[in-house]
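# Geometric and topological summary
Spelled out from the first residue to the last, the chains are:
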Amino acid sequence: MSDARKRLFIKTYGCQMNVYDSERMKDVLHPLGYEPAEQPDGADLVILNTCHIREKAAEKVYSELGRLRPLKEAKADEGGMTIAVAGCVAQAEGAEIMKRAPVVDLVVGPQTYHKLPELIAKTHRARGEALDTEFEVEDKFDQLGNDRQVDGYTAFVTVQEGCDKFCTFCVVPYTRGAEWSRPVDQIVAEVRALAAKGVREVTLLGQNVNAFHGEAPAGSEADGPWGLGQLVRHLALIGGIERIRFTTSHPRDMDDDLINAFADTPKLMPYFHLPVQAGSDKILKAMNRQHTAEEYLAIIERLRAARPDIAISGDMIVGFPGETDKDFEATMQLVRDVNYASCFSFKYSKRPGTPGAAMFNQVAEELKTERLLALQALLNEQQVAFNESQIGRTLPVLFERVGRLDGQLHGRSPYLQAVHVEAPADMIGKIGNVRIEGASRNALSGILVTSEQSAA
Ligand code: SAH
Ligand code: SF4
Ligand code: F3S
């Protein structure tokens, strides 16, 4: 290996926004000679891009740092290993990490990682440590530019950051800061550049993506900022982009224009993630979700009217403080009413500094476990039933890579289901129509019926 080439290992925890941020960190470090490595052993720079959402997620960081220590010692005589902690744990506990884990050289928050080159230089010069957890989101995107290293046919694009909702269980408003949207022109430039590199599907990301209100494009007639529906329709005009998705939305920010986009924009995939968290109005209120169960169900109804084949996914929390058997039954009933294609579910986890953590009526751990198991059994049934309902349908599948078996390709349905199909390798990166013949909990299988590119 030549001296100029350095090895970079990034481990990513948490949500898709962290996945995007990790990719952008690679982009920022590429010009400095850093090449991605598969393992931390012998790496010149190791970045842990962390998540603070639940206690378990945050604890993982410290055990990972423990595992890195001997690797860092082993590399001491061979140029050394710089260890950085990024992401939401960095934002929430920056100074404490430095104290608790001397193995860490630098701490960088989600809004300042564009400054990694400077920060690394600083630690090397001073043989000391560096910490930067300011909020400078505008500056960040200007600095990052559009020259992304693309790997594959699907890509995440962050369009909105931060959260002003302050759900009483959640750390995100504290780790990611206030809601902010990127200007439309900047997003278009990034998506065009991705399309030019072969990307066919983009997933627009934001902690509250449907709160998007980005500066209108130059020359546009609209006088105010654009909403997400307008952005989606505009991105659908970009040649090469065949599929658009977005996540994560909040029920409070749903508007008719966005719901109509599901009806009038075929490139917008008929699969929508809309977390509700609980089915009891009392718990929703205590969570500060700012909507009722009925209002949530009304949104789902409007979405299904706009796009009858739309499938819904969600997030649920069980065992929020004060949750009784009756409240939990309301969650089960809401799940039955919605009939989810897929849904994440979690036991409530007390997070330092959030109002929920200070509530006196915490639910016992065993009861949370019991409720989670009951909820997951129901969600599991719904997911299997949804997958099985695809048998006999012909679905457009975007082929992403070779599959595990010989001659097989791995692709995704409009509903993000994994699909395994026998198909020629030149279908990779293309959309083909697949007649679905088999379904399990996590995947579909079928037969390629047309290799024609079809607008989904
Ligand atoms: N912005 C999104 C997602 C936030 S985090 C939204 O508004 O829905 C992703 C999911 O983690 C949340 O939807 C919630 O279900 C879960 N979550 C957040 N804080 C949690 C906590 N303290 N305990 C358990 N689950 C939590
Ligand atoms: Fe967290 Fe609520 Fe904001 Fe989602 S909307 S990020 S759950 S505070
Ligand atoms: Fe975790 Fe931060 Fe995402 S807390 S879920 S990485 S916004």
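What you see is a predicted model; the values in this text were computed from it and never measured. The numbering scheme is per chain: residues are counted from 1 as the chain's sequence reads. Chain labels run from A onward and ligand labels from 1 onward, assigned in the order the entries are written. In keeping with the model being predicted, local features are shown solely for residues with a pLDDT of at least 70 and side-chain atom pairs are shown and tallied solely at 80 or more, while totals for entire chains, interfaces and linings include all residues. Processing note: side-chain calculations cover all non-hydrogen atoms of the structure and skip hydrogens and water entirely.

Time to look at the overall build of the protein chain. Of the regular secondary structure elements, the protein chain holds 13 helices and 19 strands. In this setup the radius of gyration rests on C-alpha atoms only. A globule is expected at 2.2 Å times the number of residues raised to 0.38. Against the globule reference of 23 Å for 456 residues, the protein chain gives a C-alpha radius of gyration of 23 Å, in line with a compact fold. By principal-axis analysis of the C-alpha atoms, the protein chain measures approximately 60 × 60 × 55 Å. The buried share among the 456 residues of the protein chain stands at 55%. In this description a helix means any DSSP run of H or I spanning at least four residues, a strand means any run of E spanning at least two, and both kinds are numbered starting from the N terminus. The buried label applies to any residue whose accessible area, calculated with a 1.4 Å probe on protein chains only, is under 20% of its type's maximum; exposed applies above 50%, and partly exposed to all values in between.

Our next topic: the site of ligand 3. Taken together, the neighbourhood of ligand 3 is formed by Cys-15, Asn-18, Thr-50, Cys-51, His-52, Ile-53, Cys-88, Arg-176 and Gln-207. Looking at the shell around ligand 3 residue by residue, the class counts come to four nonpolar, four polar and one charged. A molecule or strand has a residue near it when one of that residue's heavy atoms lies within 4 Å. The residue classification treats Ala, Val, Leu, Ile, Met, Phe, Trp, Tyr, Cys and Pro as nonpolar and Asp, Glu, Lys and Arg as charged. All others, Gly included, are polar.

At the junction of Thr-247 and Thr-248, the peptide bond is cis and its omega measures out at 5° in the coordinates. Considering the arrangement of structural elements, one finds Thr-248 in the loop between β11 (243-247) and α9 (256-264). Although it is not a glycine, Asn-339 sits at a positive phi angle of roughly 60°. Note that Asn-339 resides in the loop between α12 (325-338) and β14 (342-347). Backbone geometry at Leu-416 places phi at a positive 65°, although glycine is not the residue there. With respect to the element layout, Leu-416 can be found in the loop between β16 (408-412) and β17 (418-422).

Moving on to the site of ligand 2. In the vicinity of ligand 2, the contacting residues are Cys-163, Lys-165, Phe-166, Cys-167, Phe-169, Cys-170, Val-172, Pro-173, Asn-208, His-250 and Arg-289. Of the residues in the shell around ligand 2, the class split is seven nonpolar, two polar and two charged.

With that settled, consider the pattern of salt bridges. Two side chains that carry opposite charge are able to pair once their charged atoms sit near each other. Salt-bridge detection follows one rule: a side-chain nitrogen of Lys or Arg within 4 Å of a carboxyl oxygen of Asp or Glu. If you walk through the whole model with that rule in mind, you get 30 salt bridges. For Lys-75, the salt bridge goes to Asp-44, with nearest N and O atoms at 3.0 Å. Of this pair, Lys-75 sits in the loop between α2 (55-74) and β4 (82-86) while Asp-44 sits in the loop between β2 (34-36) and β3 (45-50), and the two are 31 residues apart along the sequence. An identical accessibility class is assigned to Lys-75 and Asp-44; each is buried. One salt bridge in this structure joins Glu-242 and Arg-200, with 3.4 Å as the shortest N-O distance. Taken as a pair, Glu-242 in the loop between α8 (228-235) and β11 and Arg-200 in the loop between α7 (184-196) and β10 (201-205) lie far apart in primary sequence, 42 residues in all.

Moving on, we get to the sheet that holds strand β5 (residues 106-108). By this definition, two strands are paired if DSSP reports at least two bridges between them. Ordered in space as β2-β1-β3-β4-β5-β6, the six strands form an open sheet in which the pairing is parallel. The open sheet has two edge strands, β2 and β6 (130-132), and neither has a second partner. When strand polarity is set aside, the average angle formed by the axes of neighbouring strands in this sheet is 25°. In what follows, a contact means two residues having at least one pair of non-hydrogen atoms within 4.5 Å. Angles here are taken between N-to-C directions and fall from 0 to 180 degrees, while the axes themselves are lines fitted to C-alpha atoms, restricted in helices to the stretch in contact. Against the sheet, helix α3 (residues 87-100) contacts β3, β4, β5 and β6, and its axis sits at roughly 145° relative to β5.

Let us now look at the nonpolar core. We define the nonpolar core as a collection of buried residues of types Ala, Val, Leu, Ile, Met, Phe, Trp, Tyr and Cys that are connected through side-chain atoms lying within 4.5 Å of one another. Ranked by internal contacts, the top residues of the largest apolar core, which has 66 residues, are Leu-204, Phe-246 and Tyr-340. In terms of residue count, α7 provides more of this core than any other element does, six residues in total. Ignoring any residue separated from it by four or fewer positions in sequence, one finds Leu-204 in contact with Val-157, Val-159, Val-209, Leu-228, Leu-231, Val-232, Leu-235, Ile-244, Arg-245, Phe-246 and Thr-247. Among the nonpolar cores identified, the runner-up in size contains 24 residues, and Leu-8, Ile-10, Ile-47 and Leu-119 belong to it.

Take helix α11 (residues 293-306) next. The terminal C-alpha atoms of α11, which comprises 14 residues, lie 20 Å apart, in line with the 20 Å expected from a rise of 1.5 Å per residue. If you check which residues of α11 are buried, you get Ala-293, Tyr-296, Ile-299, Ile-300 and Leu-303. Each buried residue of α11 lies within a common arc of 125° when the element is viewed along its axis, so the set occupies one face. In α11, the exposed positions that point more than 90 degrees away from the buried face belong to Glu-294, Glu-301 and Ala-305. Check the buried side of α11 and you find it contacts α9, β12 (271-273), α10 (281-286), β13 (311-318) and α12. Expected helix span is given by 1.5 Å per residue-to-residue step, counting one fewer step than there are residues. Note that the arc is computed from the directions linking the helix axis to the C-beta atoms.

Moving on to the packing of α7 against α8. The geometry of α7 relative to α8 is characterised by a closest axis approach of 11 Å and an angle of 35° between their N-to-C directions. Crossing of α7 against α8: the hand is right-handed. Only Leu-231, His-234 and Leu-235 of α8 make contact with α7, whose side of the interface consists of Val-184, Ile-187, Val-188 and Val-191. A breakdown of the residues in the contact of α7 with α8 according to their chemical character gives six nonpolar, one polar and no charged. Should the near helix be turned anticlockwise from the far one by less than a right angle, the crossing is left-handed, and should it be turned clockwise, the crossing is right-handed.

Mapped onto the elements of the fold, Lys-140 is located in helix α5 (residues 137-144). Judged by relative accessible area, Lys-140 falls into the buried class, the value being 0%. Identification of polar contacts relies on pairs of N or O atoms within 3.5 Å, with a donor-acceptor requirement for protein atoms, meaning one able to donate a hydrogen and the other able to accept it, and with residues adjacent in sequence counted only if both atoms are side-chain atoms. A polar side-chain atom of Lys-140 sits 2.7 Å from a polar atom in the side chain of Glu-161.

Time to look at the domain arrangement of the protein chain. Marked domain ranges trace back to an automatic or database domain assignment. Entries for the protein chain in the domain assignment read domain 1 (6-136), domain 2 (139-388) and domain 3 (394-450). Between domain 2 and domain 3, the residue contacts involve 18 residues of the former and 21 residues of the latter. Two parts lose some accessible area (1.4 Å probe) when they are put together, and adding that loss for both gives the buried area. When domain 2 packs against domain 3, close to 1500 Å² is buried across both sides, 57% of that on carbon and sulfur atoms. Where domain 2 packs against domain 3, one counts zero salt bridges. Inspection of the region where domain 2 meets domain 3 yields eleven residue pairs in polar contact (both at pLDDT 80 or more). Of all the secondary-structure elements, those providing two or more residues to the side of domain 2 that touches domain 3 are β11 and α13 (365-388). Examining the composition of the side of domain 2 that touches domain 3, we find that six residues originate from one element, α13, more than from any other. Classifying every residue of the side of domain 2 that touches domain 3 by side-chain character gives seven nonpolar, four polar and seven charged.

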